[in-house]
Amino acid sequence: MANQNPQPSMLTARFDVPTGATAVGTSYTNVITTQQSYNEIIYVYGLNVQALGDDGLEDASLTDINWDIQIVSGPNSVPTNDFDFAYIYNRDDKTLAFSSPIVITHRQPLQVVLERTGAGAAMSQASTFLITLIGELVVMA
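Being a predicted model, the structure only gives us computed values, none of them experimental. Along each chain, numbering runs from 1 in the same order as the chain's sequence is written. pLDDT decides what is reported in this predicted model: residues at 70 or higher carry local features, side-chain atom pairs at 80 or more are listed and counted, and totals for whole chains, interfaces and linings draw on all residues regardless. Heavy atoms from the whole structure form the basis of all side-chain values; hydrogens and water molecules are not counted.

1. Digging into the overall build of the chain
Quick reminder of the rule: Counting from the N terminus, the helices are DSSP H or I runs at least four residues long and the strands are E runs at least two residues long. Summary of the burial criterion: residues with accessible area below 20% of their type's maximum are buried, those above 50% are exposed, and those between are partly exposed, where the area comes from a 1.4 Å probe applied to protein chains only. Two residues qualify as a contact provided that any one of their heavy atoms is within 4.5 Å of a heavy atom in the partner residue. Only the protein chains shown count as cover for residues, and all accessible areas are computed by the Shrake-Rupley method using a 1.4 Å probe.
Regarding its fold elements, the chain presents one helix and nine strands. Taking all 141 residues of the chain together, the buried fraction comes to 42%. Here the contacts in the chain between residues at least 6 apart in sequence split such that 82% fall between residues at least 24 apart. As presented, the chain carries roughly 7400 Å² of accessible surface, and 50% of it is formed by carbon and sulfur atoms.

Written out as structure tokens, the structure is:
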């Protein structure tokens, strides 16, 4: 149950990708449990990305960022087009704001999918990708 209405909500999906060959089209899926009550809705207004190296720190020299991000709410990909990880990662704030919020209702599974794109070269180092959905939890009257 929300303590304030609306309540800020940060939902993070973590993807650990090992060193070595990762074929183009390989995808990793992370299910996010929202812990919503029946009368609560989550609005997602944007996303933030991070790429961490072997040491767990932000890695500015990481070049293996050819990935697509897909958000799945219920049975549907929302929006229908994927987001380019490299485009968001190369921005100063590493954040992409949506023109329209994504709505997640009660008992609607929320998934984040990370899919390898690009030339398919081997990963030069093990990497951790963090995708944070930025939004708010709203109690419906």
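2. Describing the environment of Ile69
On the secondary structure map, Ile69 appears in strand β4 (residues 67–73). By relative accessible area, Ile69 is classed as buried at 0%. Measuring from C-alpha to C-alpha, the distance between Ile69 and Thr29 comes to 10.0 Å, with 40 residues separating the pair along the chain. The residues contacting Ile69, other than those within four sequence positions of it, are Leu47, Val49, Asp82, Phe83, Phe85, Ile88, Val112, Val113, Leu114 and Ile131.

3. Let's talk about the environment of Val113
With respect to the helices and strands, the residue Val113 is situated in strand β8 (residues 110–116). Under the relative-accessibility criterion, Val113 is labelled buried at 9%. For Val113 and Phe15, which are 98 residues apart along the polypeptide, the C-alpha to C-alpha distance reads 9.3 Å. Each residue touching Val113, except ones within four places of it in the same chain, is listed here: Ser27, Tyr28, Thr29, Asp68, Ile69, Gln70 and Val72.

4. Side note on the packing of aromatic side chains
Short version of the rule: For this analysis, a ring pair means two rings from Phe, Tyr or Trp (six-membered ring only for Trp) whose centres lie within 6.5 Å, classed as stacked if their planes differ by under 30 degrees, edge-to-face if by over 60, and tilted for the remaining angles. Both a distance and an angle decide whether a charge sits over a ring: NZ of Lys or CZ of Arg must be within 6 Å of the ring centre and within 35 degrees of the ring normal.
Counted by the stated rule, this structure contains six aromatic pairs. Seen from their ring centres, Trp67 and Phe129 are 5.3 Å apart, and the 55 degrees between their planes marks the pair as tilted. Here Phe129 lies in strand β9 (residues 127–139) and Trp67 lies in strand β4, a separation of 62 residues in the sequence. Residue Trp67 is classed as buried on the basis of its relative accessible area of 0%. Taken together, the ring pairs in this structure connect Tyr28, Trp67, Phe85, Tyr89 and Phe129 into an aromatic cluster. Over the aromatic face of Tyr89 sits the side chain of Lys94, whose NZ or CZ is 4.5 Å from the ring centroid.

5. A closer look at the nonpolar core
Our working definition: Only buried residues count toward a nonpolar core. Its members are Ala, Val, Leu, Ile, Met, Phe, Trp, Tyr and Cys residues joined through side-chain atoms within 4.5 Å.
Of all hydrophobic cores here, the largest spans 30 residues; its most connected members are Leu47, Ile69, Phe85 and Leu133. In terms of residue count, strand β3 (residues 40–52) provides more of this core than any other element does, five residues in total. Contact partners of Leu133, with chain neighbours within four places excluded, come to Ser9, Met10, Leu11, Ile32, Val44, Gly46, Leu47, Ile71, Leu110 and Val112.

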